[in-house]
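As a plain string of letters, each chain reads:
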Amino acid sequence: MSFTLGELSRLVQGQLHGDPSIVICGTAIIRDAQAGQLTLADSDKALAKLATCGAAAVMTRVGMDTGSLPRIEVEDVSSCFARVTEVFRPRQQEGQRGVSTQAFVDPTAVIGSGATIFPGAYVGAGVVIGDGVTLHPGVCVMAGSSIGDHTTIFANAVLYEGTDVGRHVIIHASAVLGAYGFGYNSSTGRHLLSEQSGYVKVEDHVEIGAGATIDRGTYGATVIGEGTKIDNQVMVAHNCHIGRHNLLCSQVGIAGSCTTGDYVVMAGQVGIGDHLNIGHKTILGAKAGVMSDVPSDVIYVGIPATPHREQMQKQAAWSKLPEMRKEFKTLKLEVERLKSLLSAPSQTQTQSSSSEDDSCGDNAVSDAA
Amino acid sequence: MSFTLGELSRLVQGQLHGDPSIVICGTAIIRDAQAGQLTLADSDKALAKLATCGAAAVMTRVGMDTGSLPRIEVEDVSSCFARVTEVFRPRQQEGQRGVSTQAFVDPTAVIGSGATIFPGAYVGAGVVIGDGVTLHPGVCVMAGSSIGDHTTIFANAVLYEGTDVGRHVIIHASAVLGAYGFGYNSSTGRHLLSEQSGYVKVEDHVEIGAGATIDRGTYGATVIGEGTKIDNQVMVAHNCHIGRHNLLCSQVGIAGSCTTGDYVVMAGQVGIGDHLNIGHKTILGAKAGVMSDVPSDVIYVGIPATPHREQMQKQAAWSKLPEMRKEFKTLKLEVERLKSLLSAPSQTQTQSSSSEDDSCGDNAVSDAA
Amino acid sequence: MSFTLGELSRLVQGQLHGDPSIVICGTAIIRDAQAGQLTLADSDKALAKLATCGAAAVMTRVGMDTGSLPRIEVEDVSSCFARVTEVFRPRQQEGQRGVSTQAFVDPTAVIGSGATIFPGAYVGAGVVIGDGVTLHPGVCVMAGSSIGDHTTIFANAVLYEGTDVGRHVIIHASAVLGAYGFGYNSSTGRHLLSEQSGYVKVEDHVEIGAGATIDRGTYGATVIGEGTKIDNQVMVAHNCHIGRHNLLCSQVGIAGSCTTGDYVVMAGQVGIGDHLNIGHKTILGAKAGVMSDVPSDVIYVGIPATPHREQMQKQAAWSKLPEMRKEFKTLKLEVERLKSLLSAPSQTQTQSSSSEDDSCGDNAVSDAA
């Protein structure tokens, strides 16, 4: 399949700079772009890479200079490039409309208008599904849960009983909301499961990644605040209260009863101990291990997590450690040598006084002469 | 919805200290409690926090003093508080009874009395399901597996063929038992999958968290010992033999052929190398990286994991490292200076002897006078 | 159930060294082997352990010497031992043949010959399923995906729309391919999801572990190269291009837009920052945190990841750090002492000159006499 650069430019109502008859056979990002393909550049950093890129043409923001490389200028590079990409790789639409007869919907459940429920989905007793909600195949929504309007839940995600999901939420495949918290009474020598009567509350515009797990509260809610985005395989334990507009990257683990402020960012594989509080707008570096509260507006990294600058100093010293250790041994020997040099001060005295005798003796002799 | 403190006290047959007419509109843990709510305090630590808590009343153990704050005294605070909580947020019960016609049950499978199998569950050939077992929607139990009495398996969990699960076990949503071990013969330049004829054996009273994965043994069983509790997203690799009453916290990863003793505790994100043995009652701190066997009754932390005390000393030294490095540079210069001072002893001599000449010269002159 | 050693030897056409009438009641690996059981030893390391093993007999490669312990010699120890193991624990075969009437297959989907589709599987619009493919219960293959010949997908795995899977691929339970990338435009104070029009491409002979997640590209493909094996709970983010024959161990996390060469090995819980490139045949040690590009043919470990030898030196110095710190304090005092010894050269002068005066005085007196 191929199109001319002119055709693609018209498709996105772009401004073409270059030969409209150039034949384009596909699209690719700069890293992968090959001869005959259209790529995109929406930053100066990207522009710089164009030179070493095999693409036949590029899509850019209006006013970006790509030199001799033919370009299509558009306002929204990202969506226009996606549209052209789709021309070469058309999207197939699922056939499902409305509620599938191969889904299980409890007679006591309430389904909003325009909801789509795929085959194999399960909707339990007393569940309330909002308007325009989509439940993909194998989704399990247990009794008493509610799902707000225009929320999408992808295949095989599981919502335990009483889960409360807001509007315009996206929950990805195999995510699990509301499993039991990891709390036990071990006084008897056996681990007896603690009370598990709580639930999970997800506020509006939240996104939860594939395979992420968010445990229910002990009595009340584990809360994910409005607009917060959670990546794949993140773990949020029981009773946590995650603030608004957080970004929790993949494989982050947050132990029980933690709280975070708004606009917190946690990079990949961060771990947070239980009952800790993270301030607003704080950033935690990849693999950070947080063992105490963290204030607002700071960048913490390392295990245990400490301020970024501090950690950089430690890292610098750490990287010099073997060398420093060598020098240290040398220095110890050096000091030993100095000590031995200074350990016989009396002897130095003797020498100087003996030379005094000589000189005075000379005078005595000359006097005697 | 609201109740009087008196009504709630009677509900749990508690002993009321305070005005029974106080109106309660909900329950919350101390951290979240607001005006008009009932909270709970079952430890001195919790009691201390009550002062700064907005709750209208508190549920405590018999004999705990909450000062002026009205309280309901009960024997079992946790279950009584859960009961009151449920009054404000009633539990919805699933409608499913017995084996759903929308579940798939192989004709050769044997189902115990009182078992509940939800729509969309799959029970394969020759599977044996015990009495009072519950299989939630989308659970897949493959051929030849057996599940002991009163075990509950939540939605979309998967048991590969031949999995052997004990009694009173809880397996949470999306957990996977019995996938292939990560073992390959790579001698040909391609990675050829090793033998995968083993299975997973889960003993009685085990709990396995959401999204946890436990791989089958190569020929025999990967074993999870009686009473052991495994949190969400834990990985236990092929041929491991996990002891009894272990606590494996979220995102722990245990490589192939490891063994653990009884009552081992691993905090979040711990990693264990393959073929290692962890002793009884040993505790591994969060994010510990274990690269060799660990004895019994110890606390190990860090990467590589070493005894806790040792690690604390290292951490202390590490935190002082940049400062130490500065001081070290100063010290080197200091020693250099000392060396130069001591490197010219003869010169110091000359000076002193010349001053002697002067003094003696004076005497000579006076003599000459 | 029991068999004689002779019967088991004939079963695998082995060469028996020992009494054929010995009764064998089961099989086990050396670690677990007990009286009456057959074990296996296919390496010298394993042979060494036989002495302390309770097994009644052992299966070995032809020509291996097991001393007095009866043995069955075979060419392929692993498969023969598996075969004997199966005699004691027969495999149950699933009853499913062909496409289950309890699976959902969109009328526009194309199913290859000899494909097996279990109850509860979902096959979306325009999906193409190759010959001999197996889709286990609850597998969800969304619209426009294609799956190559002889690929097996285990229960509840999810392929988002447009996923492109090659031949002879194994995808384990609950794995998720094609979820949205974790990319947002946050300029407005809200996190707006970036373009998500890409997909996941899995080449031939790849294996993907249980609960692993591989996100779609932004516009094009996230690629898993031929023959690469991915363990459970691994995360591969959007736009990554993983090379051929990689081994990615459990809980590895790779951030967006990374590339790896061929034959790369990442041990458990490794983390890779975004937009990084890992060279051919490079090995990353367990828990390594990669923060910059890594060349080919190296072994990197640690956080941040550095060459293995370098890291070992740092670890050695690090383990000596507390001791070094003590010695350092001592040395500082030592140098202080030396300084004080050398800090009063003038005073030493005074003493010596005064003694000169005395001596000269004596001469003067003697002169005066």
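Residues numbered from 1 in each chain as written. Chains lettered and ligands numbered in written order. Predicted model: local features only at pLDDT ≥ 70, side-chain atom pairs only at ≥ 80, totals over all residues. Heavy atoms only, no water.

Asks: Explain the relation of the copies chain A and chain B to me, please; I cannot follow it from the model alone.
Replies: For these two chain copies, the linking operation is a rotation about an axis paired with a shift along it. Under the fitted operation, chain A is carried onto chain B by 0.1 Å of movement along the axis and a turn of 120°, and the coordinates agree to an RMSD of 0.1 Å. The transformation just described matches what one would write down for a three-fold rotation axis. (Least-squares fit on C-alpha atoms with pLDDT ≥ 70 in both.)

Asks: What is the right way to read the domain arrangement of chain A from this model?
Replies: Reports often express the size of an interface as the amount of accessible area lost when the parts come together. Its domain assignment divides chain A into domain 1 (3–88), domain 2 (157–314) and domain 3 (321–351). Distance between the C-alpha centres of domain 1 of chain A and domain 2 of chain A: 40 Å. (Domains from an automatic or database assignment.)

Asks: So what exactly am I meant to see when it comes to the state of the cysteines here?
Replies: In the structure shown here, the tally under the stated rule is zero disulfides over all chains. We note that B:C249 lacks a disulfide partner, and the nearest cysteine sulfur, in A:C258, lies 13 Å from it. Note on C:C25: no disulfide assigned, nearest cysteine sulfur contributed by C:C53 at a separation of 13 Å. According to the relative accessible area criterion, C:C25 is partly exposed, its value standing at 42%. (Disulfide = S-S within 2.5 Å. Buried < 20%, exposed > 50% of the residue type's maximum accessible area, 1.4 Å probe, protein only.)

Asks: Would you mind showing me how to read the pairing of strand β5 (residues 37–41) of chain A here?
Replies: Every regular strand shows the same layout, with side chains that alternate between the two sheet faces. All names here are of chain A. Taken across its five residues, β5 has five buried, putting it largely inside the fold. Side chains of β5 alternate between two faces, with Q37, T39 and A41 and L38 and L40 buried alike. Sheet topology note: the β5/strand β6 (residues 57–61) ladder contains four bridges and is parallel. If you follow A41 over to β6, its bridge partner there is T60. (Helix = DSSP H or I, 4+ residues; strand = E, 2+ residues; numbered from the N terminus. Pairing = 2+ DSSP bridges.)

Asks: Quick question: what am I supposed to make of the sheet that holds strand β34 (residues 271–272) of chain A here?
Replies: Strand pairing within a sheet occurs via backbone hydrogen bonds; the two strands may be parallel or antiparallel. All names here are of chain A. Here we have 10 strands laid out as an open sheet, ordered β8-β11-β14-β17-β20-β25-β28-β31-β34-β37, and parallel in their pairing. Edge strands, defined here as strands with exactly one partner in the open sheet, are β8 (104–105) and β37 (289–290). Sheet topology places β8 next to strand β11 (residues 122–123); two bridges connect them, and they run parallel. What sits directly across from F104, in β11, is Y122.

Asks: Mind showing me how you'd approach the pairing of strand β23 (residues 199–202) of chain B here?
Replies: Residues and elements named next belong to chain B. Relative to β23, strand β18 (residues 164–165) is paired through two bridges, and the arrangement is parallel. Within β23, the position partnered with V165 by the bridge is V202. Sheet analysis places β23 next to strand β26 (residues 221–224), joined by four bridges and oriented parallel. Paired with Y199 across the bridge in β26 is A221.

Asks: Help me understand the environment of B:G198, please; the structure alone is not making it clear to me.
Replies: Looking at the element boundaries, B:G198 is found in the loop between β22 (192–193) and β23. By relative accessible area, B:G198 is classed as buried at 3%. For B:G198 and B:R216, which are 18 residues apart along the polypeptide, the C-alpha to C-alpha distance reads 5.4 Å. B:G198 has contacts with B:R216, B:G217, B:T218, B:Y219, B:G220 and C:R91, leaving out every residue within four places of it along the chain. (Contact = heavy atoms within 4.5 Å.)

Asks: I keep staring at the interface of chain A and chain B and nothing clicks. Help me out?
Replies: Chain A puts 86 residues into the contact, and the matching count from chain B is 65 residues. Taken together, the two surfaces of chain A and chain B that pack against each other cover about 5900 Å², and 61% of this comes from carbon and sulfur. For chain A, the biggest contributors to the area lost against chain B are A:F182, A:H191 and A:Y219; these three give 14% of the whole. Linking chain A with chain B are four salt bridges, by the criterion used here. One salt bridge in this structure joins A:E327 and B:K332, with 2.8 Å as the shortest N-O distance. In this assembly, chain A and chain B are joined by 28 residue pairs in polar contact (both at pLDDT 80 or more). Of all the elements in the fold, those that place two or more residues in the side of chain A that touches chain B are α4 (308–319), α5 (321–342) and α6 (345–368) of chain A. In terms of residues, the side of chain A that touches chain B owes the most to one element, α5(A), which gives 11 residues. Classifying every residue of the side of chain A that touches chain B gives 39 nonpolar, 32 polar and 15 charged. (Buried area = accessible area lost by both parts, 1.4 Å probe. Salt bridge = Lys/Arg side-chain N within 4 Å of Asp/Glu carboxyl O. Polar contact = N/O pair within 3.5 Å; in protein donor to acceptor, adjacent residues only side chain to side chain. Nonpolar A, V, L, I, M, F, W, Y, C, P; charged D, E, K, R; others polar.)

Asks: Mind showing me how you'd approach the packing of aromatic side chains here?
Replies: Aromatic ring pairs are defined here through the distance separating the ring centres and the angle between the ring planes. Using the criterion set out here, one finds 27 aromatic pairs over all chains in the structure. Ring geometry for A:F182 versus A:Y184: centroids 5.1 Å apart, planes at 85°, classification edge-to-face. Given the relative accessible area of 17%, A:F182 is considered buried. Measuring from centroid to centroid gives 4.9 Å for B:Y219 and C:F81, while their planes differ by 85°, and the two rings are edge-to-face. Here B:Y219, found in the loop between β25 (213–214) and β26, pairs with C:F81, found in helix α3 (residues 77–88), and the two come from separate chains. On the accessibility criterion, C:F81 (0% relative accessible area) is buried. The rings of A:F104, A:Y122 and B:F118 are connected pair by pair, giving a single aromatic cluster. (Phe/Tyr/Trp six-rings, centres within 6.5 Å; stacked < 30°, edge-to-face > 60°.)

Asks: For this particular structure, what's the right way to read the environment of A:A221?
Replies: Following the sequence through the fold, A:A221 ends up in strand β26 (residues 221–224). Once you skip the residues sitting within four places of it in the chain, A:A221 turns out to touch A:Y199, A:K201, A:N239 and A:C240.

Asks: Before we go on, may I ask you to explain the interface of chain C and chain A in this structure?
Replies: With 87 residues of chain C in contact, the opposing surface of chain A contributes 65 residues. Approximately 6000 Å² of surface area, both sides summed, lies buried where chain C meets chain A, with 61% of it carried by carbon and sulfur atoms. When the buried surface of chain C facing chain A is broken down by residue, C:F182, C:H191 and C:Y219 rank first, second and third, together holding 13% of it. Seen at the junction of chain C and chain A, the total is four salt bridges. Here C:E161 makes a salt bridge to A:R91, at a shortest N to O gap of 3.7 Å. Counting across the chain C and chain A interface gives 28 residue pairs in polar contact (both at pLDDT 80 or more). Secondary structure elements with two or more residues in the side of chain C that touches chain A: α4 (308–319), α5 (321–342) and α6 (345–368) of chain C. Of the residues belonging to the side of chain C that touches chain A, the class tally is 39 nonpolar, 32 polar and 16 charged.

Asks: Explanation requested: the packing of α5(A) against α4(C) in the structure shown.
Replies: A pair of packed helices is captured by two measures, namely the crossing angle of their axes and the spacing between those axes. Across the interface, α5(A) lies against α4(C) with an axial gap of 8 Å and an inter-helix angle of 55°. When the axis of α5(A) is compared with that of α4(C), the two are oblique. The interaxial crossing formed by α5(A) with α4(C) has left-handed handedness. Across the interface between the two elements, A:L321, A:P322 and A:R325 from α5(A) touch C:Q313, C:K314, C:A317 and C:W318 from α4(C). For the contact of α5(A) with α4(C), the class distribution of residues is four nonpolar, one polar and two charged. (Axes fitted to C-alpha atoms, helices over the stretch in contact; angles between N-to-C directions. Parallel < 35°, antiparallel > 145°, perpendicular 65-115°, else oblique. Left-handed = near helix turned anticlockwise from the far one by under 90°.)

Asks: How should a nonpolar patch on the surface be read in this particular structure?
Replies: Taken together, the side chains of A:I303, B:I303 and C:I303 make up a nonpolar region of the molecular surface, amounting to roughly 190 Å² of accessible area. Mapped onto the secondary structure, B:I303 falls in the loop between β38 (299–301) and β39 (306–307). On the basis of relative accessible area, B:I303 is assigned to the partly exposed category, the value being 31%. (Patch = residues over 30% accessible without salt bridge, like charges linked within 9 Å, V, L, I, M, F, W, Y side chains within 5 Å. Areas by Shrake-Rupley, 256 points an atom, 1.4 Å probe, with all protein chains shown as cover.)

Asks: Before we go on, may I ask you to explain α4(C) in this structure?
Replies: Because each turn of an α-helix spans 3.6 residues, side chains separated by three or four positions in sequence point in the same direction. Residue and element names in this part refer to chain C. With 12 residues, α4 extends 16 Å between its outermost C-alpha atoms, agreeing within 8% with the 16 Å of an ideal straight helix rising 1.5 Å per residue. Every buried residue belonging to α4 is among Q311, K314, Q315, A317 and W318, and all of these are buried. Taken down its axis, α4 places every buried residue within 165° of arc, on the same side. (Expected span 1.5 Å × (residues − 1). Arc of directions from axis to C-beta.)

Asks: I tried to follow the pattern of salt bridges on my own but got confused; where do I start?
Replies: Counting across every chain of the model gives 39 salt bridges over all chains. The partner of A:R31 in a salt bridge is A:D32, and the shortest N-O contact between them spans 2.9 Å. The closest approach of N and O atoms between B:D262 and B:R244, which form a salt bridge, is 2.9 Å. Of this pair, B:D262 sits in the loop between β32 (259–260) and β33 (265–266) while B:R244 sits in the loop between β29 (241–242) and β30 (247–248), placing them 18 residues apart in sequence. Judged by its relative accessible area of 37%, B:R244 is partly exposed.

Asks: Is there a simple way to explain the confidence of the model for chain A in this structure?
Replies: Any segment with low pLDDT has predicted coordinates that should not be analysed in fine detail. With 93% of its residues at a pLDDT of at least 70, chain A reaches an overall mean of 91. If you check the scores for this complex, the pTM reads 0.91 and the ipTM reads 0.90. (pLDDT = per-residue confidence, 0-100.)

Asks: It is not clear to me how the sheet that holds strand β34 (residues 271–272) of chain C should be interpreted in this structure. Could you clarify?
Replies: Residues and elements named next belong to chain C. Across the sheet, which stays open at both edges, the 10 strands sit in the order β8-β11-β14-β17-β20-β25-β28-β31-β34-β37 with parallel pairing between neighbours. The outermost strands of the open sheet, each flanked by one partner alone, are β8 (104–105) and β37 (289–290). Here strand β17 (residues 158–159) runs beside strand β20 (residues 176–177); their pairing, made up of two bridges, is parallel. Considered in β20, the bridge of V158 is made with V176.

Asks: I keep staring at unusual backbone geometry and nothing clicks. Help me out?
Replies: Excluding glycine, residues mostly have negative phi values, and the peptide bonds linking residues are mostly trans. With an omega of -5°, the peptide bond running from A:I303 to A:P304 counts as cis. Mapped onto the secondary structure, A:P304 falls in the loop between β38 (299–301) and β39 (306–307). The backbone phi angle of A:Q233 is positive, close to 60°, even though this residue is not glycine. Here A:Q233 is to be found in the loop between β27 (229–230) and β28 (235–236). One non-glycine residue, B:H275, lies in positive phi territory at about 60°.

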